[in-house]
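# Fold and contact review
The chain contents come next:
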Amino acid sequence: TAAAAASGIPRNTMDSRVQAARRSGVIPNVGEVRAPDPNMAALVESLRAENERLKETNENLTEALAVASKPKFTIRSDTYTAQSDILAIVMGDAHDSPKIPDKSRFELAGKFAAERKCDLFLSMGDFLDMLSVCFHVPDENYSGRAKPTFLQDIESGSLAFDALNCGLGNWNPERHKVQGNHENRLYRIEDQAPSSVGMYVSLYDEMMTRAKFTYSPFGATTFYGGVGFTHCPISIMGKPMGGKQVLTNIGRDSVYDSVTGHTHVPGEFKTRKIGQRHITSVDTGCFLPYGMIEDYAEHTLGGWDWGLTELRIRGGRIESRRWHSLRELEERYG
């Protein structure tokens, strides 16, 4: 990103030239993911030292957890009024990972948000795939041996955020990310290994701080202009809401307009209420590379779509929704 800016060429062009130079042997092929950031390594070591100190002083587990690094969630109050006119660009599940080294789609998203001069840029969760801490693929399995390290996951995510912010340029909207079930894996793995509490989350928080994104926990709802944003609502049984009729179910149970992700299927449904009222429920699809379907979903029901959602929020409601295909963005910006 810095080299592209200094050379006066697009970041994606610079990246293509670097890859070509690696293939031709002009520069060493150091792999698809950069070496870990020294600052991250230093933070890891400091946290390890903190854990060792706690053990040496015989502090019990409760005390250790009390002083360990805590996640910096942003549970914001809705500062917009019912009269606010808000333009939001919303990105569904992007599932960035080291196995997808091309980050150009994030730069396209930033360029589009800057062109539209949006007030808000929101990620609806699962921005990171977090395969390194996936419980569904055991480390001892054949496929598990191919999982990246956690530092590689974080480094890949940092590159994705860099590309997005490069696309935004000088435009500076409010940036927020609701966490998805994939990011929630961080807290599950720390819970299973108490001596690591704070280590995974601190690296994640450092990445988010550098990217200038606030974030809220999985399952929580963040409000902008009276509209609720969450990765997926949690049912009365404590499970994520899903299924073919998920927007219908969300509208039935909601008392406000809502925006969700999780299903990778964009859509909109209006639930009619008595008294000439209705609830609008929007799903934001996914932002994987166009046409890419994750391995676990290859033979499931279809319907995935890849792109961004543009929302106009006014009068405490979703006034309009426009879908912009990732292919459209690729054609728009070359």
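Check the entry above for the structure.
In short, a report on the structure. Quick caveat: nothing in here was measured; it's all calculated off a predicted structure.

## Focus: the pairing of strand β9 (residues 277–283)
Where burial is concerned, most of β9 is hidden: 5 out of the 7 residues are buried. Where strand β8 (residues 267–273) folds back onto β9 in an antiparallel hairpin, the turn is made up of 3 residues, including Gly275, whose phi is positive at roughly 95°.

## Concerning the layout of surface pockets
Taken as a whole, the largest pocket spans an internal volume of roughly 860 Å³. Around the largest pocket, the lining is made up of 33 residues, and of these Gly242, Gly243, His262, Thr263 and His264 lie nearest the centre. Of all the secondary structure elements, the ones that give two or more residues to the lining of the largest pocket are α7 (185–192), α9 (246–253) and β8. Split by residue class, the lining of the largest pocket holds 10 nonpolar, 16 polar and 7 charged.

## Brief notes about the packing of aromatic side chains
A full pass over the atoms with the stated rule returns 10 aromatic pairs. Pairing Phe150 with Tyr200 gives two aromatic rings, centres 4.8 Å apart and planes at 70°, and the pair type is edge-to-face. Taken together, the residues span a long stretch of sequence, with Phe150 in helix α6 (residues 150–168) and Tyr200 in helix α8 (residues 199–210) at a distance of 50 residues. Owing to a relative accessible area of 23%, Tyr200 belongs among the partly exposed residues under this scheme. Among the aromatic residues, ring-to-ring pairing joins Phe106, Phe121, Phe127, Phe161, Phe213 and Phe287 into one connected group. Residue placement shows Arg188 over the ring face of Phe135; its charged tip is 4.2 Å from the ring centre.

## Overview of the pattern of salt bridges
Side chains bearing opposite charge may pair, as long as their charged atoms lie close to each other. Taken as a whole and assessed by the stated rule, the structure comprises 15 salt bridges. Between Glu310 and Arg116 there is a salt bridge whose closest N-O contact spans 2.5 Å. Of this pair, Glu310 sits in strand β10 (residues 307–314) while Arg116 sits in helix α5 (residues 104–116); the two residues are 194 residues apart in sequence, bridging distant segments of the chain. Classification of Arg116 as partly exposed rests on a relative accessible area of 29%. When the shortest N-O distance is used, the salt bridge between Arg314 and Glu319 registers 2.5 Å. Residue classification places Arg314 among the partly exposed residues on the basis of a relative accessible area of 36%. By sharing partners, the salt bridges in this structure join Asp85, Arg312, Arg314 and Glu319 into a single network.

## Brief notes about the nonpolar core
Ranked by size, the top nonpolar core spans 45 residues in total, and within it Met91, Phe127 and Tyr204 carry the most contacts. Within the residue set of this core, elements represented by two or more residues are α3 (38–56), β1 (85–91), α5, α6, α7, α8 and α10 (326–333). Of the residues forming this core, the biggest block, 7 residues, is contributed by α6. Leaving out residues up to four positions away in the same chain, Phe127 has contacts with Met91, Ala94, His95, Asp96, Phe106, Gly157, Ala160, Phe161, Leu164, Lys177 and Glu183. Counting residues in hydrophobic clusters, the runner-up holds 15 residues, among them Ala88, Leu120, Phe229 and Leu311.

## Here's the deal with the environment of Trp304
Within the secondary structure, Trp304 is located in the loop between β9 and β10. Residue classification places Trp304 among the buried positions, given a relative accessible area of 15%. Not counting residues up to four positions away in its chain, the partners in contact with Trp304 are Thr263, His264, Val265, Cys286, Leu288, Met292, Ile293, Glu294, Tyr296 and Ala297.

## Overview of the environment of Ser156
Position of Ser156 relative to the elements: it lies in helix α6. Ignoring anything within four residues of it in the chain, the contact list for Ser156 reads Asp96, Ser97, Pro98 and Lys103. Within polar-contact distance, the side chain of Ser156 engages the side chain of Lys103 at 2.6 Å.

## Some words on the packing of α5 against α10
With their axes 10 Å apart at the nearest point, α5 and α10 run at an angle of 75° to one another. The angle between the axes of α5 and α10 places the two elements in the roughly perpendicular class. Where α5 approaches α10, its residues Arg105, Leu108, Lys111, Phe112 and Glu115 are matched on the opposing element by Leu326, Leu329, Glu330, Arg332 and Tyr333. Within the contact of α5 with α10, the residues separate by chemical class into 5 nonpolar, no polar and 5 charged.

## Side note on the sheet that holds β8
Read across the sheet, 5 strands follow the order β5-β6-β7-β9-β8 without closing on themselves; strand pairing throughout is mixed. Either end of the sheet is taken by a strand with one partner, and the two such strands are β5 (222–224) and β8. The sheet shows a mean angle of 25° between the axes of neighbouring strands, taken without regard to direction. Sheet analysis places strand β6 (residues 227–229) next to strand β7 (residues 258–260), joined by 2 bridges and oriented parallel. Paired with Gly228 across the strands is Ser258, a residue of β7. Along the sheet, α9 makes contact with β7, β8 and β9, crossing β8 at roughly 35°.

About the criteria used
- Starting afresh in each chain, residues are numbered from 1 along the sequence in its written order.
- Local features in a predicted model are, by the rule used here, given only for residues with pLDDT of at least 70; side-chain atom pairs are given and counted only at 80 or more, and totals for whole chains, interfaces and linings are based on all residues.
- Think of the side-chain values as coming from all heavy atoms in the structure, minus any hydrogens and water.
- Under the scheme applied here, a residue whose accessible area is under 20% of the maximum for its type counts as buried, over 50% as exposed, and between as partly exposed, the area being computed with a 1.4 Å probe on protein chains only.
- Each helix is a run of H or I in the DSSP string that is no shorter than four residues. Each strand is a run of E no shorter than two, and both are numbered from the N terminus.
- By this definition, two strands are paired if DSSP reports at least two bridges between them.
- Here a cavity is any set of points on a 1 Å grid over the protein atoms alone where a 1.4 Å probe fits but cannot get out, and a pocket is any open set with protein on both sides within 12 Å along at least 5 of 7 lines; a residue lines the site when it has an atom within 4 Å of a point.
- Grid points are joined across faces, edges and corners, and a volume is the space filled by probe spheres set on the points.
- Each residue is assigned to one class: nonpolar for Ala, Val, Leu, Ile, Met, Phe, Trp, Tyr, Cys and Pro, charged for Asp, Glu, Lys and Arg, and polar for all the others, Gly among them.
- To pair, rings of Phe, Tyr and Trp, with the six-membered ring standing in for Trp, must have centres within 6.5 Å; the planes then decide the type, stacked if under 30 degrees apart, edge-to-face if over 60, and tilted in the middle.
- Counted as over-ring charges are cases with an Arg CZ or a Lys NZ within 6 Å of the ring centre that also lie within 35 degrees of the ring normal.
- One speaks of a salt bridge when a side-chain nitrogen belonging to Lys or Arg is within 4 Å of a carboxyl oxygen belonging to Asp or Glu.
- By nonpolar core is meant a set of buried Ala, Val, Leu, Ile, Met, Phe, Trp, Tyr and Cys residues that side-chain atoms within 4.5 Å join together.
- Note on contacts: a residue pair is in contact if any heavy atoms of the two residues lie within 4.5 Å.
- Whenever a nitrogen or oxygen atom comes within 3.5 Å of another N or O atom, the pair is scored as a polar contact, on the condition that within protein one atom can donate a hydrogen and the other can accept it, and that pairs from neighbouring residues in sequence are kept only if both atoms are in side chains.
- Lines fitted to C-alpha atoms define the axes, with helix axes restricted to the stretch in contact, and inter-axis angles between N-to-C directions lie between 0 and 180 degrees.
- Relative orientations are named as follows: roughly parallel for angles under 35 degrees, roughly antiparallel for angles over 145 degrees, roughly perpendicular for angles from 65 to 115 degrees, and oblique for any other angle.

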